[in-house]
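A closer look at the structure
The lines below spell out each chain.
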Amino acid sequence: MGEEEKGGGEVVEILIKTVNEIASISDYRYTVKKQYCNLARRLKLLIPMLEEIRDIKDSIIPQQTLKALAMLKQALDSAKDLLMFGCEGSKIYLVLEREQIMNKYHEVTAKLEQALSGISCESLDISDEVKEQVEQVNIMPCDICGFMLYALHNVEVELVLAQFRRAKGRVDANDVELYEDLLSIYNKTNDSASDLAVLRRLCEKLQLMGIADLTLESLALHEMVAATGDPEESIEKMSMLLKKIKDFVQTENPNLDAPAREKNLPPSGSGQAIVDGSHQMPVIPDDFRCPISLELMKDPVIVSTGQTYERSCIEKWLGARHDTCPKTQQKLTSTALTPNYVLRSLIAQWCEANGIEPPKRPSSSGTSNCSPAEHAKIKFLLHKLTSGCLEDQRSATGEIRLLAKHNADNRVAIAQAGAIPLLVGLLSTPDPCIQEHAITALLNLSICEDNKGSIVSAGAVPGIVHVLKKGSMAARENAAATLFSLSVVDENKVTIGSLGAIPPLVTLLSEGTQRGKKDAATALFNLCIYQGNKGKAVRAGVVLTLMSLLTETGGRMVDEALAILAILASHPEGKATIGAAEAVPVLVEVIRNGSPRNRENAAAVLVHLCSGDQRHMVEAQELGVMGPLVDLVQNGTDRGKRKAQQLLECISKFLEQQNHTQAQIEAHIQQPQPSSMANSGDS
């Protein structure tokens, strides 16, 4: 036989393999189980026909049949993808996007029907028994009737119903109820008894009854959105539904072995506090929860799109060979993960304020898995550091910088080999290249938690401050980033602040590049969490610099400036200096038009300014702050709502007192006075 026959035999073998793979798929999601099981069962009936075609020895497979087999291969591949989608996909997604899923199902069955209609059983001498099985497969488009009725209306529904009555009969009311239940929960904000009944029904039907189920659903949701390219708005909607279901499950089953329940952590939430007996448990703010696991983050890291995730969750995502950001679906330009130290500090602060033990990061083992050859290379590089030859020192610091950048084992091995004191000694070198390599190597080494203490103990802070003052711009930026990294450890905040780091950070914040300003701002924010550093920052002139950043064209530093001002406003010197800088009009404008987080921080600053100072209250009220505050109470973040409510109560109380005082003055004026005639008569 010719090449066409041979090619046909290979295609048939692939078809048989694909159908067998389809047959092995099981456990379809509840919402598509009936349709997908029927589709898989019908496709399994193709096996006898394909085996007979494969075993044909004495006849040539017609060209038309070969084309039909090629079309069938494409159709089966599509069917396999569809069925895998229904087996591993997000349960919530499959309900909410049921029209899209139905359309895909319809496309696949149409492709299969078209391909099968091109296979001539007569010309292939296929047995009558197999022909009957093929005919059964060819009627499978009827299976879509129940699924199609969701999207069809009026006359179309009647026509489809009449056409497929023998195959299916009617719409599955349970599927419609699931969809309506999810929309009902999404559109309601208050938990009523009826809502709780709906949530209970959803959990049972979607089989989301435990933390393991919910975690798998969260991962499946993000993977499905990545596969289909749904926009961020869509995943936000589905994530909100999953949060509500998760809150319900954890509230109904308080003894679940859930990560969020360990060490007295509350469940994640949608804005409502969870009441546990007489104790009201605070809801985890959305910004503190990983978008994938929905849990309070222990080790938050930033990906190249700027989104933050729990390290273990995003590593699992990347390990599955995804190259997009789970939340935004933007393509990742790098797989590097940058620790989000600011967020980690904020989470620790929030936990402390709410009487919750902060989550502990997975600790590093303190041991390195570097090979003997790698250890030997590190030892050789350290020898070059001490050689006294500038060229050797340049090359060695550059290589150590790169080794520490890309590998956690290298960071441990380099530190254990004694590199930190040598690098600290090179911070004061007059050679700008060596200095930049040395500070950057220390920055990379500081990513390892165990190295932070070693760097500070080696006396690095004065050298880092020297680089921050005198180094090249790139070196100054990395010096600021190093101080930021080291200040994650609370005792280091005190040390860094006492050794003169804050004034040069303020200078970099004022005159640095955009990256330099960002590095300086994050370092200052972290350092000013310690009360003793707030006055130092204020006296270094940070408030005027921050006010300048708030009003500069483009507003690229507004987020950072407001976050730092919100911390400084709680300090007496900070409050006085911010008030003197004419900040109230800027703050009112941010409350009116800013982002949710910026509105929250602006309100927090204004709360401090108005506390005990009528001037700022009057100014804010005259600038029309009341309306934006009412809107913030209704639509802001949880903290923003609280701050706005405080301001409204404070200003309202002040206005009431003013009105009362004015009324007393007017009443006093209107009181009748003794006449002069009466006075003269008495005399």
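For the structure itself, look to the data block above.
Each value, and the rule that gives it
- Residues numbered from 1 in each chain as written.
- Predicted model: local features only at pLDDT ≥ 70, side-chain atom pairs only at ≥ 80, totals over all residues.
- Heavy atoms only, no water.
- Core = buried A, V, L, I, M, F, W, Y, C linked by side-chain atoms within 4.5 Å.
- Buried < 20%, exposed > 50% of the residue type's maximum accessible area, 1.4 Å probe, protein only.
- Helix = DSSP H or I, 4+ residues; strand = E, 2+ residues; numbered from the N terminus.
- Contact = heavy atoms within 4.5 Å.
- Salt bridge = Lys/Arg side-chain N within 4 Å of Asp/Glu carboxyl O.
- Pairing = 2+ DSSP bridges.
- Axes fitted to C-alpha atoms, helices over the stretch in contact; angles between N-to-C directions.
- Parallel < 35°, antiparallel > 145°, perpendicular 65-115°, else oblique.
- Nonpolar A, V, L, I, M, F, W, Y, C, P; charged D, E, K, R; others polar.

For soluble globular proteins, nonpolar side chains are generally found buried alongside one another. Grouped together as the largest cluster of nonpolar side chains are 101 residues, with contacts concentrated most on Leu568 and Leu606. Broken down by element, this core gets its largest block of residues, 9 residues, from helix 29 (residues 558-568). Here Leu568 is in contact with Cys528, Lys534, Ala537, Val538, Val542, Val543, Leu546, Gly574, Lys575 and Ile578, once residues within four sequence places are set aside. Core analysis: the next-biggest nonpolar cluster, separate from the first, contains 55 residues, Ile22, Ile53, Leu116 and Leu178 among them.

Next up on the list: the pattern of salt bridges. Enumeration over the complete set of coordinates arrives at 23 salt bridges. For Lys377, the salt bridge goes to Glu399, with nearest N and O atoms at 3.8 Å. With Lys377 in helix 16 (residues 372-385) and Glu399 in helix 17 (residues 390-406), this residue pair connects regions lying 22 residues apart in the sequence. Through salt bridges with shared partners, one network takes in Asp299, Arg311, Arg344, Glu449 and Lys452.

Further remarks concern the sheet that holds strand 3 (residues 300-302). Strand order in the open sheet made by the 3 strands is 4-3-5, with antiparallel pairing throughout. The open sheet has two edge strands, strand 4 (308-310) and strand 5 (338-339), and neither has a second partner. Inspection of the sheet shows strand 3 paired to strand 4 by 3 bridges, in the antiparallel sense. By the bridge assignment, Val301 is partnered in strand 4 with Tyr309. Strands in contact with helix 14 (residues 311-319) are strand 3, strand 4 and strand 5; relative to strand 4, the strand with the most contacts, it is inclined by about 95 degrees.

This part is about unusual backbone geometry. One non-glycine residue, Glu582, adopts positive backbone phi at about 55 degrees. Along the chain, Glu582 turns up in the loop between helix 30 (572-580) and helix 31 (584-593). Its relative accessible area of 63% is what places Glu582 among the exposed residues.

What follows is about the environment of Glu552. Locating Glu552 in the fold gives a position in the loop between helix 28 (542-551) and helix 29. With a relative accessible area of 23%, Glu552 lands in the partly exposed category. Contact partners of Glu552, with chain neighbours within four places excluded, come to Lys517 and Met557.

Before going further, it helps to spend a moment on the packing of helix 33 (residues 614-622) against helix 35 (residues 638-670). In contact at an axis separation of 10 Å, helix 33 and helix 35 are set at 100 degrees when each is read in the N-to-C sense. When the axes of helix 33 and helix 35 are compared, the pair comes out roughly perpendicular. Of helix 35, the residues touching helix 33 (which contributes Gln614, Met617, Val618 and Gln621) are Cys650, Ile651, Phe654 and Leu655. Split by residue class, the contact of helix 33 with helix 35 holds 6 nonpolar, 2 polar and no charged.

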